[in-house]
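These are the residues of each chain, in order.
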Amino acid sequence: MEAEGSQGPESKPDPPPPPPQANQGLMKGDKRKEPGPDPEPAAPQQPTEEEEALIEFHRSYRELFEFFCNNTTIHGAIRLVCSQHNRMKTAFWAVLWLCTFGMMYWQFGLLFQEYFSYPVSLNINLNSDKLVFPAVSICTLNPYRYTEIKEELEELDRITEQTLFDLYKFNSSNTLVAPARGRRDLREALPHPLQRLPVSAPPHAARSARSATSSVRDNNPKVNRKDWKIGFQLCNQNKSDCFYQTYSSGVDAVREWYRFHYINILARRQDTSPSLEEDALGKFIFACRFNQVSCNEANYSHFHHPIYGNCYTFNDKNSSNLWMSSMPGVNHGLSLTLRTEQNDFIPLVSTVTGARVMVHGQNEPAFMDDGGFNLRPGVETSISMSKEAVDRLGDNYGDCTENGSEIPVENLYLTKYTQQVCIHSCFQESMIRECGCAYIFYPRPHNVDFCDYRKHDSWGYCYYKLQDAFSSDRLGCFTKCRKPCSVTMYKLSAGYSRWPSVTSQDWVFEMLSRQNNYTIKDKRNGVAKLNIFFKELNYKTNSESPSVTMVTLLSNLGGQWSLWFGSSVLSVVEMAELVFDLLAITFLMLIRRVRSRYWSPGREGRAGQEVASASASPLPSHFCPHPASPSSSLPGPAPAPALAAPPPAYATLGPPSSPSPSGSAAASNPAYTPEEA
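Residues numbered from 1 in each chain as written. Predicted model: local features only at pLDDT ≥ 70, side-chain atom pairs only at ≥ 80, totals over all residues. Heavy atoms only, no water.

### A look at the overall build of the protein chain
Within the protein chain, the secondary structure is distributed over 18 helices and 20 strands. When burial is assessed residue by residue, the protein chain has 37% of its 677 residues classed as buried. Intrachain contacts of the protein chain at a sequence separation of at least 6 include 76% that bridge at least 24 residues. As displayed, the protein chain has an accessible area near 41700 Å², and 55% of this comes from carbon and sulfur atoms. (Helix = DSSP H or I, 4+ residues; strand = E, 2+ residues; numbered from the N terminus. Buried < 20%, exposed > 50% of the residue type's maximum accessible area, 1.4 Å probe, protein only. Contact = heavy atoms within 4.5 Å. Areas by Shrake-Rupley, 256 points an atom, 1.4 Å probe, with all protein chains shown as cover.)

### Quick notes on helix H2 (residues 61-71)
Here H2 has its buried residues at Leu-64, Phe-68 and Cys-69. Along the long axis of H2, the arc covered by the buried residues comes to 125°, so they all point the same way. Buried residues along H2 sit against helix H3 (79-82), helix H4 (87-116) and helix H16 (569-599). (Arc of directions from axis to C-beta.)

### A short note on the nonpolar core
One finds Leu-153, Tyr-262, Ile-346, Met-431, Tyr-439 and Trp-459 to be the most contacted residues of the largest nonpolar core, which totals 65 residues. Contributing elements (two or more residues each) for this core: helix H5 (146-168), strand E5 (230-235), strand E6 (242-247), helix H7 (250-268), helix H10 (419-435) and helix H11 (459-471). Residue assignment places this core across two domains, with domain 2 (131-140 + 279-340 + 355-543) and domain 3 (147-171 + 191-199 + 224-268) each supplying three or more. The contacts of Tyr-439, once residues within four sequence positions are left out, are Arg-259, Ile-263, Phe-427, Gln-428, Met-431, Phe-450, Cys-451, Trp-459 and Tyr-463. (Core = buried A, V, L, I, M, F, W, Y, C linked by side-chain atoms within 4.5 Å. Domains from an automatic or database assignment.)

### Here we look at the state of the cysteines
If you walk through the whole model with that rule in mind, you get 8 disulfides. Here Cys-139 pairs with Cys-311 through a disulfide, and the sulfurs are 1.9 Å apart. Where Cys-139 bonds to Cys-311 through sulfur, the torsion about that S-S bond is close to 110°, and the disulfide is right-handed. In this pair, Cys-139 sits in strand E3 (residues 135-139) while Cys-311 sits in strand E10 (residues 309-314), placing the two residues 172 residues apart along the sequence. On the basis of relative accessible area, Cys-139 is assigned to the buried category, the value being 0%. Residue Cys-311 is classed as buried on the basis of its relative accessible area, which comes to 0%. Two residues, Cys-235 and Cys-242, share a disulfide whose sulfurs are 1.9 Å apart. Judged by the torsion about the S-S bond (115°), the Cys-235/Cys-242 disulfide is right-handed. This pair shows no difference in class: Cys-235 is buried, exactly as Cys-242 is. (Disulfide = S-S within 2.5 Å.)

### Brief notes about the confidence of the model for the protein chain
Summarising the model, the protein chain shows a mean pLDDT of 76, and 70% of its residues fall at 70 or more. Below pLDDT 50 for its whole length, residues 1-12 participates in 3 contacts with residues either more than four positions away or in separate chains. Every residue in residues 648-677 is under pLDDT 50, and counting partners more than four places away or in other chains gives 8 contacts. (pLDDT = per-residue confidence, 0-100.)

### A closer look at the pattern of salt bridges
Counted under the stated rule, the structure contains 10 salt bridges. Ionic pairing is found between Glu-152 and Arg-269, a salt bridge with its closest N-O pair at 3.3 Å. Placement of Glu-152 in helix H5 and of Arg-269 in the loop between H7 and helix H8 (281-284) is noted, with a sequence separation of 117 residues between them. Note that Glu-406 and Arg-482 form a salt bridge whose closest N and O atoms lie 2.9 Å from each other. Taken together, the residues Glu-406 in the loop between strand E16 (400-401) and H10 and Arg-482 in the loop between helix H12 (477-480) and strand E17 (483-484) connect sequence positions 76 residues apart. (Salt bridge = Lys/Arg side-chain N within 4 Å of Asp/Glu carboxyl O.)

### Some words on the packing of H2 against H16
Remark: H2 packs on H16, axes separated minimally by 11 Å, with the N-to-C direction vectors making an angle of 170°. Classified by the angle between their axes, H2 and H16 sit roughly antiparallel to one another. Contact residues: H2 offers Tyr-61, Leu-64, Phe-68 and Asn-71, while H16 offers Glu-574, Met-575, Leu-578, Asp-581, Leu-582, Ile-585, Thr-586 and Met-589. Its residues assigned to classes, the contact of H2 with H16 comprises 8 nonpolar, 2 polar and 2 charged. (Axes fitted to C-alpha atoms, helices over the stretch in contact; angles between N-to-C directions. Parallel < 35°, antiparallel > 145°, perpendicular 65-115°, else oblique. Nonpolar A, V, L, I, M, F, W, Y, C, P; charged D, E, K, R; others polar.)

### Some remarks on the packing of aromatic side chains
Each aromatic ring pair is summarised here by two numbers: the centre-to-centre distance and the angle between the ring planes. Overall, the coordinates contain 38 aromatic pairs when judged by the stated rule. For the pair Tyr-118 and Tyr-397, a centre-to-centre distance of 5.2 Å together with 80° between the ring planes defines the contact as edge-to-face. Within this pair, whereas Tyr-118 is found in the loop between H4 and strand E1 (120-128), its partner Tyr-397 is found in the loop between strand E15 (379-391) and E16, the two being separated by 279 residues in sequence. According to the relative accessible area criterion, Tyr-118 is partly exposed, its value standing at 23%. Ring-pair connections join several aromatic residues into one group, and the members of that group are Phe-232, Phe-260, Phe-427, Tyr-439, Phe-441, Tyr-442, Tyr-453, Trp-459, Tyr-463, Tyr-464, Phe-470 and Phe-478. (Phe/Tyr/Trp six-rings, centres within 6.5 Å; stacked < 30°, edge-to-face > 60°.)

### Let's talk about empty space enclosed by the protein
All chains considered together, the criterion is met by 2 cavities of 30 Å³ or more. Volume-wise, the second largest cavity comes out at about 40 Å³. As for the second largest cavity, its lining consists of Glu-256, Arg-259, Phe-260, Ile-263, Tyr-439, Trp-459, Tyr-463 and Tyr-464. Listed by contribution, the elements that provide at least two residues to the lining of the second largest cavity are H7 and H11. (1 Å grid on protein atoms, 1.4 Å probe; cavity = no way out; pocket = protein on both sides within 12 Å on 5 of 7 lines; lining within 4 Å. Points joined across faces, edges and corners; volume = space filled by probe spheres on them.)

### Focus: the sheet that holds E6
Strand pairing in a sheet is mediated by backbone hydrogen bonds. Such pairs are either parallel or antiparallel. Pairing is antiparallel across the open sheet formed by 3 strands, whose spatial order is E4-E5-E6. The strands lining the two open edges of the sheet, one partner per strand, are strand E4 (194-196) and E6. Mean inter-strand twist for the sheet, computed between neighbouring axes without regard to direction, equals 40°. By the bridge criterion, 3 bridges tie E4 to E5 in an arrangement that is antiparallel. From the neighbouring strand, Leu-194 faces E5, where its bridge partner is Phe-232. Along the sheet face, H5 touches E4 and E5 and points at about 0° away from the line of E4. (Pairing = 2+ DSSP bridges.)

### Some remarks on unusual backbone geometry
Here the bond from Trp-499 into Pro-500 is cis, since omega is -15°, no more than 30 degrees from zero. Mapped onto the elements of the fold, Pro-500 is located in the loop between strand E18 (486-498) and helix H13 (505-516). For Asn-291, which is not glycine, the phi torsion reads 55° and is therefore positive. Structurally, Asn-291 is set in the loop between strand E7 (285-290) and strand E8 (293-294). The class for Asn-291 is partly exposed, based on a relative accessible area of 29%. Look at Asn-447: it is not a glycine, yet its phi comes out positive at around 65°. Structurally, the position occupied by Asn-447 is in the loop between H10 and H11. According to the relative accessible area criterion, Asn-447 is exposed, its value standing at 84%.

### A look at the pairing of E5
A large share of E5 lies buried, amounting to 5 of its 6 residues. Examined bridge by bridge, E5 and E6 share 6 bridges and lie antiparallel to one another. Within E6, the residue paired with Leu-234 across the bridge is Phe-243. Linking E5 back to E6 in an antiparallel pair, the connection comprises 6 residues, with Lys-239 at a positive phi of about 60°.

### A word on the pairing of E7
Along any regular strand, the residues point their side chains to alternate faces of the sheet. In this sheet, strand E12 (residues 334-339) lies alongside E7 in antiparallel orientation, the contact comprising 5 bridges. The residue bridging Phe-290 from the neighbouring strand is Leu-334, located in E12. Looking at chain direction, E7 and E8 are connected through 2 bridges and run antiparallel. Opposite Arg-289, over in E8, you have Ser-294 as the bridge partner. Between the end of E7 and the start of E8, which pair antiparallel, lie 2 residues, with Asn-291 showing a positive phi angle near 55°.

This is how it looks when you write it as structure tokens:
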């Protein structure tokens, strides 16, 4: 009865909950979830054949490799898949494929190495057209009339006369123009006297000093006699270091020593340009014609050189109209008749008779020392020219400059950039920086004086030291001054003939004397004739061009690719796609591994749930088709597994009956067991 009392209305058990609807919410094509022992994170659904994605990646490297080999246009790749059941063939084709790739990329390396070495090709073109006649500079070879500079040179000439007598017992009173004067009448001695050095016991400074050659070169042979070794001593400002500037030729020694003092005298003159009588065109140049037309003063300009004297430049940039040559030959060039006699010349400076000539560009200065040549008196000199242009490549292809703007040397000539302009400007900068004065042969900047030992007592020592450093490029001038990228050169070839001839010299000299009001004393040595002309209007252009351009490189790369794989540019894109997919798959795998190890949410809860489920459930997972209830994820004791079939709803099976108390209790409480009773 106690059992029946316990079954009252107050204690009536609740009806069992309905079973979970596993198929609720499923659409067509969805799969039913099978219950398991514990919930797992849902894996991303794989796209079916009907589905498409914007970006897809293969699941594994093997799948990617098989797809590539089956679909690529590269020859030989499909053999790696077709021969997969034959390991020997697969290995053979794999090795062959890798070796082919290695050979191809080795060739690629050679092609890139050639491209980045920037080789050039020389293109020679032969052109024919009217040519602009070059500028022609011609000098008198006498810087001053002796009568004009006599007072400044008088003391130097007397000391020179006495020095020649002391050294060589030579009486030069008849040679030098200065009047004879006793030794007692000489004023104070000049510094740096010329002296003979004791060769048997030379001083230490003479042994350590270099034996320089004369800067005024001629054809005098060297004399090996010991007593001809003469020179002059040069010291620094505090006399702590001295050396002897020595020469094996007495002629070179006297001329260099005289020239050294002559430069100091010129530095003291206010105006270095003389007002000589040959400053007019008709006094030095008897006749001038170009292309059978007489010249006038608008066709030339004048400048003065400290050694070569008055110089005249024809057809330079300042001319009114540049001369053009439309025909080759001597009759279509420049023809000059010059006066070459040495009347009133400086004996120890002007030792050459004739004239100095140089051919150069219109906007280039005339470096008479570097590129000039001398005309012989009594001779007709015919100079035939041929033009040649050189165009070099700069930047990475060659060491040249377009206009010298990037050269760290100031252009003191204010003309077009040339390598000679840069080199001379560099030496002048070194003179000003090291010696404190400017060399008189080169242009000077503003507020800088020319070198004079009365103001700069040790400039000679500094100059000869710098000249030695300059010759060996220790100053760096040849390194700084690069070649210009565009150069126009004129190749000259000379022919000589006696002029005037014996039968015609009488009337020729007579006409020249009457025309110019000048009486020629030495007829044969008093005149010279010069003809300069183009021997042909064809001119050669040497231009550089890149040997390997970008187009050539791509063509060579494509040829190598086609040779080894028989493919095209699209095959290269396929290779790039393969590399990209490999990187993408590798990246995604790394991200998935890192997330599963460090960043997966609820990992500890799922691990505890897995352990509890495994210990409480005696049945395998396939016996539990229904998913676990949401309460199973909470901590606590795991409930007993439910039966596979849901309990019947007794209230709907039929009319109510009065079951036995024990039966109703057992039916209403399925968890009841005899042990609990």
